[in-house]
Structure formats: structure tokens, C-alpha cells
There are 2 protein chains.
Amino acid sequence: MTSTSTTPVTVAVDVNGADLGPAEVARGAALAQGVRVILFGPAAEIGPVPSHVSVVDAPVSIAKDPDPARAVRRTPDASIVRAVAAVKDGDAQALVSGGSTGAALAASLFGFKRVPGVHRPALAIIIPVPGKPFLLLDAGANVEVRPEMLVQFAHMGAAFMEAVHGVSAPRVALLANGTEPNKGTEIIVGAHSALASSAGLNFVGNVEGFAIGSGEADVIVADGFTGNVALKVMEGTSAALLGAVRSAAMSSWRSKVGGLLLKPALRGLRGEIDPEEQGGAVLLGLRHVGVVPHGSFGARGFTRAIEVAARSVREDVAGRTYARLAEAGALRTTASEAVASLPDES
Amino acid sequence: MTSTSTTPVTVAVDVNGADLGPAEVARGAALAQGVRVILFGPAAEIGPVPSHVSVVDAPVSIAKDPDPARAVRRTPDASIVRAVAAVKDGDAQALVSGGSTGAALAASLFGFKRVPGVHRPALAIIIPVPGKPFLLLDAGANVEVRPEMLVQFAHMGAAFMEAVHGVSAPRVALLANGTEPNKGTEIIVGAHSALASSAGLNFVGNVEGFAIGSGEADVIVADGFTGNVALKVMEGTSAALLGAVRSAAMSSWRSKVGGLLLKPALRGLRGEIDPEEQGGAVLLGLRHVGVVPHGSFGARGFTRAIEVAARSVREDVAGRTYARLAEAGALRTTASEAVASLPDES
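All values reported here derive from a predicted model rather than from experimental measurement.

## Some points on the environment of Leu269 of chain B
Relative to the assigned elements, Leu269 of chain B resides in helix α9 (residues 253–272). Residues within four places of Leu269 of chain B in sequence aside, it is in contact with Ala244 and Val245 of chain A together with Pro130 of chain B.

## Digging into the relation of the copies chain B and chain A
Once chain B is rotated about the relating axis by 180° and shifted along it by 0.0 Å, it coincides with chain A to within an RMSD of 0.0 Å. One copy is carried onto the other by what is essentially a two-fold rotation axis. When each C-alpha of chain B is compared by its distance to the rotation axis, Gly258 of chain B comes out closest, at 1.8 Å. Take the interface residues of chain B: 100% of them recur as interface residues in chain A, which is what a same-surface contact looks like.

## Here's the deal with the pattern of salt bridges
Working definition: two side chains of opposite charge can pair if their charged atoms are close together. Residues and elements named next belong to chain B. According to the stated counting rule, one finds 22 salt bridges over all chains in the structure shown. The partner of Arg171 in a salt bridge is Asp218, and the shortest N-O contact between them spans 2.9 Å. One end of the pair, Arg171, is in strand β7 (residues 171–175); the other, Asp218, is in the loop between β8 (202–207) and β9 (219–221), with 47 residues separating them in the sequence. Salt-bridge contacts for Arg300 lead to Asp274; the nearest nitrogen and oxygen are separated by 2.6 Å. You can see Arg300 sitting in helix α10 (residues 299–314) and its partner Asp274 sitting in the loop between α9 and β10 (281–284), a full 26 residues away along the chain. Classification of Arg300 by relative accessible area gives partly exposed; the value is 38%. Judged by its relative accessible area of 17%, Asp274 is buried.

## Examining the sheet that holds β7 of chain B
Residues and elements named next belong to chain B. Overall, mixed pairing links the 11 strands, which are arranged β3-β2-β1-β4-β11-β10-β5-β6-β9-β7-β8 in an open sheet. Edge strands, defined here as strands with exactly one partner in the open sheet, are β3 (53–57) and β8. Taken pair by pair, the neighbouring strands of this sheet meet at an average axis angle of 25°, ignoring direction. Relative to β3, strand β2 (residues 36–41) runs parallel, the two sharing 5 bridges. Across the sheet, residue Leu39 finds its bridge partner in β3, namely Val55.

## Describing the domain arrangement of chain A
Frequently, the measure chosen for interface size is the accessible area that the parts lose on association. All names here are of chain A. Domain annotation for chain A reports domain 1 (1–118 + 285–318) and domain 2 (128–275). Listed by partner, the interface residues are 11 residues for domain 1 and 9 residues for domain 2. Taken together, the links from domain 1 to domain 2 amount to 1 salt bridge. Where domain 1 meets domain 2, there are 3 residue pairs in polar contact (both at pLDDT 80 or more). Counting residues per element, the side of domain 1 that touches domain 2 draws most heavily on helix α10 (residues 299–314), at 4 residues. Grouping the amino acids of the side of domain 1 that touches domain 2 by side-chain chemistry returns 5 nonpolar, 3 polar and 3 charged.

## Structural notes on unusual backbone geometry
Look at the link from Leu137 of chain A to Asp138 of chain A: it is a cis peptide, with omega at 5°. Residue placement: Asp138 of chain A occurs in the loop between β6 (134–137) and α6 (147–165). Phi at Ala169 of chain A takes a positive value of approximately 45°, unusual for a residue other than glycine. Checked against the element boundaries, Ala169 of chain A lands in the loop between α6 and β7 (171–175). When its relative accessible area of 45% is taken as the criterion, Ala169 of chain A is described as partly exposed. Residues other than glycine seldom take positive phi values, yet Asp316 of chain B does so here, at roughly 55°. In this fold, Asp316 of chain B is placed in the loop between α10 and α11 (317–327).

## Points about the packing of aromatic side chains
One pass over the structure, following the stated rule, counts 0 aromatic pairs over all chains. Over the face of the ring belonging to Trp253 of chain A we find Lys256 of chain A, whose NZ or CZ atom lies 4.6 Å from the ring centre.

## Observations concerning the interface of chain B and chain A
Facing the 49 residues of chain B at the interface are 49 residues of chain A. Both faces combined, the contact of chain B with chain A buries some 4200 Å², and carbon together with sulfur accounts for 77% of it. Taken together, chain B and chain A are joined by 2 salt bridges. For Lys232 of chain B, the salt bridge is made with Glu208 of chain A, and the minimal N-O distance between the two is 2.2 Å. Scanning the region where chain B abuts chain A turns up 12 residue pairs in polar contact (both at pLDDT 80 or more). If you list the elements that add at least two residues to the side of chain B that touches chain A, you get α7 (186–196), α8 (224–249) and α9 of chain B. Among the elements that make up the side of chain B that touches chain A, the one with the highest residue count is α8 of chain B (19 residues).

## As for the environment of Asp67 of chain A
Residues and elements named next belong to chain A. Structurally, Asp67 is set in the loop between β3 (53–57) and α3 (68–74). Owing to a relative accessible area of 34%, Asp67 belongs among the partly exposed residues under this scheme. For Asp67 and Val229, which are 162 residues apart along the polypeptide, the C-alpha to C-alpha distance reads 21 Å.

## Side note on the nonpolar core
One recurring pattern in soluble globular proteins: nonpolar side chains tend to sit buried together. In terms of nonpolar packing, the biggest core is built from 217 residues, with Leu137 of chain A together with Leu137 of chain B touching the most fellow members. In this view, Leu137 of chain B contacts Ala122, Leu123, Ala124, Phe153, Met156, Gly157, Val219, Ile220, Val221, Ala222 and Leu284 of chain B; residues no more than four positions away in its chain are not counted.

## Let's talk about the packing of helix α8 (residues 224–249) of chain A against α8 of chain B
Interhelical geometry of α8 of chain A versus α8 of chain B gives an angle of 35° and a closest axis separation of 9 Å. In this structure, α8 of chain A crosses over α8 of chain B, and the sense of that crossing is right-handed. On α8 of chain B, the residues that touch Phe225, Thr226, Val229, Ala230, Val233, Met234, Thr237, Ser238, Leu241 and Leu242 of chain A of α8 of chain A are Phe225, Thr226, Val229, Ala230, Val233, Met234, Thr237, Ser238, Leu241 and Leu242 of chain B. Here the residues of the contact of α8 of chain A with α8 of chain B sort into 14 nonpolar, 6 polar and no charged.

## A short note on α9 of chain B
Taking 1.5 Å as the rise per residue, α9 of chain B with 20 residues should run 28 Å; its terminal C-alpha atoms sit 28 Å apart, in good agreement. The sharpest bend along α9 of chain B measures roughly 50° and falls at Lys263 of chain B, with the proline Pro264 of chain B sitting one to four residues further on. Within α9 of chain B, the full set of buried residues consists of Ser255, Gly258, Gly259, Leu262, Ala265 and Leu269 of chain B. Next to the buried residues of α9 of chain B lie α8 and α9 (253–272) of chain A together with α8 of chain B.

Quick notes on the rules
- Residues numbered from 1 in each chain as written.
- Chains lettered and ligands numbered in written order.
- Predicted model: local features only at pLDDT ≥ 70, side-chain atom pairs only at ≥ 80, totals over all residues.
- Heavy atoms only, no water.
- Helix = DSSP H or I, 4+ residues; strand = E, 2+ residues; numbered from the N terminus.
- Contact = heavy atoms within 4.5 Å.
- Least-squares fit on C-alpha atoms with pLDDT ≥ 70 in both.
- Salt bridge = Lys/Arg side-chain N within 4 Å of Asp/Glu carboxyl O.
- Buried < 20%, exposed > 50% of the residue type's maximum accessible area, 1.4 Å probe, protein only.
- Pairing = 2+ DSSP bridges.
- Axes fitted to C-alpha atoms, helices over the stretch in contact; angles between N-to-C directions.
- Domains from an automatic or database assignment.
- Polar contact = N/O pair within 3.5 Å; in protein donor to acceptor, adjacent residues only side chain to side chain.
- Nonpolar A, V, L, I, M, F, W, Y, C, P; charged D, E, K, R; others polar.
- Phe/Tyr/Trp six-rings, centres within 6.5 Å; stacked < 30°, edge-to-face > 60°.
- Lys NZ or Arg CZ within 6 Å of the ring centre and 35° of its normal.
- Buried area = accessible area lost by both parts, 1.4 Å probe.
- Core = buried A, V, L, I, M, F, W, Y, C linked by side-chain atoms within 4.5 Å.
- Left-handed = near helix turned anticlockwise from the far one by under 90°.
- Expected span 1.5 Å × (residues − 1).
- Bend = angle between axes of the 7 residues up to and from the residue.

And the structure:
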């Protein structure tokens, strides 16, 4: 679970399923700095690679399978299953998947153990608000949750922001329909109270949807249903608004000239909010980190994904998550552990 | 519940709580066409009004009370309570509230009966996506829901879009974390199946958050928790993005000139997505419609709110909602009705 800085980190990358093809993923791997990469996919489509990259021929893809969980169990030679196995067996220390989030999730859940005491892993994603980025989790791995799972997500997200983004004492908030502690469903109200009393957590309370862009939290915790809806509403709203601005800029000669003059400045903004820069979503709570770039990402997005994965290993996200949960007394207790912790009768 | 077109519609308006003050609300009322208005608030702050507007001196305000439900019960002379009573007693046919949504909700729930067979009223709001507006409900009145409530929300929203916005056979969608029928919480999966088989409903399936701006549905149904988060995420994302575009336009002389040239076209866009144009949120499922403008609205927003309220009365939104629910067999059955419908034993 830990790694010293002298050991070079190796990242296993499934190249199947990326929209721009395996060669584009390989170009991304070639550009990744200070890390070894093993690519799993159709070797014939990958071509020559530099010395820090190796290729395992794994042409079978389940990236588009409508039932990823079943496909993972039935297809041991699928590239994602083999990439996960390489991490499990110690040939690599983290995973990057070019295929569907569903396949990456299913393969990781099936192949990697959880951080001891973690109820459920969660999918976390950096929302690149200009100057005020934050981590949203769960973005869709757990549709039904319990308050104790949301507390764990909070610690998982905080550990990631500390380790990978260098944020000290990350401010953690709970996504709800009001800032008052009694707002939300029974589960959200229960989670608020549990978060407020969780040791080692810089909990700043509930935030509403307005918090997108306000910079008031570094980590926003949600159940996977609400988190997924919120993430896609952000993307949908951004697309609709930028599309409308573009149309407005095409509506007259005057505005066309204005749009051209504004273009370089807007390109800077576009770069700042570019999701490729973040490398994709990160699966937290397992003993190995998995990074899931969006299928549409180009080489740069995959370079960043590999770098985030490597940094997660070097900074020991899994170990820090465990330490935080243990300190907060938020580890899951199994039935046998609960029995063992009972006072001795003799 | 119904009204003939020869009877002029009267709308009761609570002017307390509006950010710009009672006089601004009164200016909005003065501009409303083809409707009578009774203003409830501090008469001294309202000033002279035209002949279609009358004023009831009701200076007591609970618009900022942190516990609106309690305030409503304890303050019979509050302006919102008196406005609701005027509707209840037949002096007016619909409500517009300038105060907090919480106070308007509490007073309406307390004072108005439900449409017969309706489980719970819902808060609906038109999302003004350029060229593709849609109605989102519930936007926050019901944090915990059951599938049969979501089915009723679908019919309530469809009735409103038909009656007030002239959309025939409105396309209704369910907000979820995936388009597949099995995506979402147990309640969402149950609602999908119930919506798919509900008579008289043009159900187009699940939509994801991306649907903001896609124009694929006229009505999007959600539980009040998710709907509220989605609504505020839209607002937060729009504000963050428009703020970033503004900053980009100020970043150099070149872009400042571009921004100035683009301004008229963007002003048009700003008008199209201006929430004041929609009049505010609408409380559906009660025998009288209540419209809740945002506290920040100016005169025009209140004019539109009064017009939406009047149109809801003229087009009989409540009656159409009942007719739809009856046709679909989606009316709530009380215990006594259930007993009465049992086969006769004799």
C-alpha cells in the first residue's frame, strides 16, 4: 500500500475504448514524466514506444459492453481485466483506464481489495472552476448510501486533496438543498451530524448547488446519484451557455469582430476549465488508485491521468485514507471485529 | 377550481419580503394586463395604484422568519397569511408571494386544499434555456418522495405546460444518473416503471444532467432534493461561467474592445435566459396556484408572476391536473375510498 520515493512507480494503462484510439493513448504515455507505463491493448495498433513504456498485447476489449460487471467476470483476457491483474500482482501500482467508467469500476471492484475498513469505494472528480477547483465525490459509483459511507467519502476526498493537490486541512462540505444542518433527506441529515463530529475533518457544513464556483469548499461530498446528476448538470449548463455565447457572437458583423478579438482571452479560460488537465475521475477507497479519463480525451489527458495515478501512489493516498479513517474511528467494523472488541467475559 | 373567461381573474399579492421593496412590487402589479390585483402589505409604502389594483394594509411580515411553518400558524395577520386567506375565501383566485419560498409554501400548504387525490404539491420552475425552455419539478418542496408522487408530479407539470405554455402532449422525462430504465435509486427505478405505464403521459424516459440545454424534454421530473440541487448547480455554473467570460473580457485592451462589440448580442442572450421573464417558481397540486418570484425580482418579474398566476386560473391548471390524474388512475386513494371500492360481500 505504501511506496518509497526511490522505487519508480509503474502505471498499468488499458488503451482499449478511448475515442481517439490506442495510438493516441500511447502518445499520452510517452509524454508522462518520471513514471513507468505498461500499456494493455492491441499491440499492432500501438506502434513504437519510448523506453519507459512497455506494451502487453491484449486486443480483447469490453470497453463498450452494456453489462460491464458480467463482462469482467467472463472475460479474463480483456485488456482492462489484465491491467487490473498487473496491479494486483505487483507489476504496477495504479491503474488508468481508457474504456468506459462502468468497465473500469467493475474490474477494479472485482480485482482490487478495499482499503481496510472502507465500506465502498467512490468516484471522485476535480471540478475545474477557474481559480477555485474542488473535488466532487461520489460522482456515481454508489447510488444508495448510508451516512457512514458519506463520512468515509469525506476522508477519502480529503486524503486525496492533501496528497495529490497539496491542500492542507481541506475544507469538506456536504451537498444539500439548504445550508442548515436539518436540510435534506434523512440520510443527508444523518451524514451532516456524523461529519460534524468526525475527528480530523475540516467540515464546513452543507453547501447548496450555488457552491459551484464559490470556492467555499475543497471537497464536496454527495451520494452517487446526486453527485452524478450535479456533475452532468454542470457539463450540460456549461455546454448550453458556451454554445449560446458562440451563437450570439455569430449574430452580426459587429459581434463577429468582437468575438474574434475576444477569442485569445476565451481560449485561456477554456484551458483553465479543460477537464483533460485533471486527468479524469479517480476511484478512491481501494488499495490501488484507478484513474478514469473521459473517453474523448487526447494524449494530454492521458498523460495527466498517468501522472495523477503515479502521484497517488507516491503520496500514498490509500495509506493516508486508512490513517485518517482510523484516527476518526470511522473504519467499518465487521461482525467478527465487533465480537473481538467486546469486553472479555473471563 | 374552474373559472369562465367572462369573470375577471383577481390575484392576491403579498408585497412583503421583496428585495426592492413593496413599491417595486406595486409597480409590477400596475403593469399587469387584464387582471385585478389585491396587494397585501404596508399601505404606507405602496403609494397610489391604478384602478385594477387595490391595497389591503397588512404591514406584518414573516418573510424572513427562519421557521416559516411556525410563523404561519402563529401570525394570522401576516401579509402572506392574509393573501392566502383572500384566495381561500374567494376574493382572489391565485397567489403571488414576494417573500421567502418557505413562507409562501407553508402558508399555501396550510391554507389551500390539495387538488383531490394529490399526495403532495410540488414546486415547478421554468428553466429558460435559449430556444429550449423546460419545466423542472419538484424544485424543493418534497425532499423525500415515493414513485407515485413522481408520477403525479409528471401529470401536474404536463398540465401546467399545456395550459400555460400551450405545449401539446408535453414530453416528460425523469432525472436520473443514466438513461437506462434500471438506473438510479430504488425509488427512481420504481418511478420510471410507473411513468412508463401511466395513461395519457408522453413519457420519454430517463434523462441525465446533460439534458439541460438539449431540449429533449418539456417537463423534467425529480425528487425535491435532487431537483433543488440541480437547479442551484445550474445557477452556480452559469454565474461562474459568465463571471469568467467577463474577467476574460477585461484581461487586455484587445479583449476589452471585443467585449464591448459583443455586448449588445450578449445582452440579447441575457434577456433570453433572464429568470424574471418566467415570473418565478409555481406551486402546483393545490386547488389554487401560487407563484413565487425570486426575492431579487424587479417590477417586470412581478408583472410576469401575476400574469402567470392569472393564466393558470383562466386555463384551469388545477382542473386539468385533476382530470389527467383521474384519467391515468393516478389519484391517491384514501383508506375509506379503498374500503368503498372493495367488492360487495352481500
